[in-house]
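# Structure at a glance
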Amino acid sequence: MAISIPFSDFTPLTILYLLFFFSSVSSFNITHLLSSYPDLSAFTALLTTTSVAADLTARSSLTLLAVPNAYLYSTSATPQPSSTDLADVLRYHVLLEYLSFSDLRLFPPTGKLVTTLFQTTGRAAANSGTINITFDSSSGTVAFYSPTSSATLLSPIKTLPYNISILSLNSLLIPYNLDLVASETRPPLGLNITKALIDGHDFNVAASMLGASGVVSEFEADETGAGITMFVPTDEAFADLPSTVKFQSLAADKKAVVLRFHVLHSYYPLGSLESIVNPVQPTLATEQNGAGSFTLNISRVNGSVGIDSGVVQASVTQTVFDQNPVAIFGVSKVLLPREFFGRNPIEVNQPNDGGGTLSSAQPPDIALSPDNSPAIYGPPSHLSAPPGLGIRSPAAAVAVGFLRTLLGLWCTGIYCYLLL
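Now for a quick tour of the structure. (Residues numbered from 1 in each chain as written. Predicted model: local features only at pLDDT ≥ 70, side-chain atom pairs only at ≥ 80, totals over all residues. Heavy atoms only, no water.)

## A word on the sheet that holds strand β14 (residues 326-331)
Strand order in the open sheet formed by seven strands is β9-β8-β14-β13-β12-β11-β10, and the pairing between neighbours is mixed. Both edges of this open sheet fall to β9 (263-264) and β10 (280-282), since each of them pairs with a single strand only. (Pairing = 2+ DSSP bridges. Helix = DSSP H or I, 4+ residues; strand = E, 2+ residues; numbered from the N terminus.)

This is how it looks when you write it as structure tokens:
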């Protein structure tokens, strides 16, 4: 029997609560979800130290293939956080669709190819960023195959329909053309970043700031692990900063945050940057200030790599250094994070094919006030969507549209329009 609820029972507070609920359930904090499972603590730590956990906050529907501690460290190629390729191995364990246990039991014995997060990086050789999943109805076994390894499903861990499914496997899966053992024995690069910038002849201001702030030692320490990609403004970019931007007057700790904002915690050669599928990329500043904050939007713009900070739009102008696991690129603008500079947007140029006439950026006005600025250093809130991403599942989008219609029918006037 259908149940009828009088429309008068919907108060503005109730409707706003429902609106918040439907718009937030489609994002998640993977570290928080895994924290309830001590047997997955090592796998969780690897997700965090490689920044892959931060990558997942921008996803609204996925399946995570987690490996319990006992199986993780019995693997012949035991992963260590110092492995250059470890981040991509972990991305290979993120399937880009929601798959429950009942979904897996519908797969044919011959298998079905499922795309992983590794495929979106542009570093997967050919189509090697996929996993073949099979179901054997006679034994009830679900198996996962890469070209060089295989694993069996142990059990489902957790599901949040239809956003995330967490499954446990009895072994790591290694993508084609990645060798954890070889990468662990690779000698450290030992690059002197300051010297590399000075040798580039157009990065003296950046080299001086990195040295004075002390963050350059952090960057050099990150040459191991998943590597780093640096976007370094040219001397001209610093000279072109408008007088209204008080960059040099920032407190030392905030200036260090801005410098970390110019660095990705993964190695991306130029070709990989040009083919990035997921444009929203966390930075080293994201790791210290919470998932969803201090992210860069990277995309191919008119034949070059464009970088949108939310306040300025810059372009990669040259390759300063590129040797796995470190890539350093010169950029045309100082990347100003909206968390510090979003209140007064700066009109800047966007690259085109000829490098001539360009369009201006209009970032959102979401800067924090001085009184609220310490909040950005707190931990990420549970199940909160990253700012500016607007991620919603299809069901949530329908629900929000329905609530908008209800409010439009129920009330008139500026108050309701401000709510929506």
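## Structural notes on the pattern of salt bridges
Inspection of the entire model under this criterion finds five salt bridges. In this structure, the salt-bridge partner of D88 is R91, at a minimum N-O distance of 2.9 Å. On the criterion of helical spacing, the pair formed by D88 and R91 is a turn pair, its members being three residues apart in helix α6 (residues 86-91). The pair D88 / R91 is uniform in exposure class, with both members buried. Where D199 meets K195, a salt bridge forms, and the shortest distance between an N and an O atom there is 2.9 Å. Of this pair, D199 and K195 both sit in helix α9 (residues 193-199), four residues apart, roughly one helical turn. One salt-bridge network, in which partners are shared between bridges, spans D55, D88 and R91. (Salt bridge = Lys/Arg side-chain N within 4 Å of Asp/Glu carboxyl O. Buried < 20%, exposed > 50% of the residue type's maximum accessible area, 1.4 Å probe, protein only.)

## With respect to helix α13 (residues 252-260)
Residue pairs three or four apart in sequence face the same way in an α-helix, which turns once every 3.6 residues. Counting buried residues along α13, seven of its nine residues qualify, which places the element largely inside the surrounding structure. Residues of α13 that are buried make contact with α10 (204-213), α11 (215-221), β9, α15 (284-289) and α16 (338-341). (Contact = heavy atoms within 4.5 Å.)

## A short note on the environment of N204
Along the polypeptide, N204 turns up in helix α10. The partly exposed category is assigned to N204, whose relative accessible area is 40%. Considered as a pair, N204 and P233 are 29 residues apart in the sequence and their alpha carbons are 9.8 Å apart. In this view, N204 contacts I198 and D235; residues no more than four positions away in its chain are not counted.

## Digging into α10
When α10 is considered as a whole, its buried residues turn out to be A206, A207, M209 and L210. Buried positions in α10, seen along its axis, are confined to an arc of 165° and lie on one side of it. Turning to α10, the residues buried within the fold contact α9, α11, β8 (228-233), α12 (235-239) and α13. Directly after α10, the chain includes G214, whose backbone phi takes a positive value near 85°. (Arc of directions from axis to C-beta.)

## Some words on the nonpolar core
With 54 residues, the main nonpolar core has F231 and I328 as its most contacted residues. Per element, the largest residue contribution to this core is five residues, and it comes from β14. Counting 26 residues, the second-largest nonpolar core is a separate cluster that includes L33, A42, L46 and L72. (Core = buried A, V, L, I, M, F, W, Y, C linked by side-chain atoms within 4.5 Å.)

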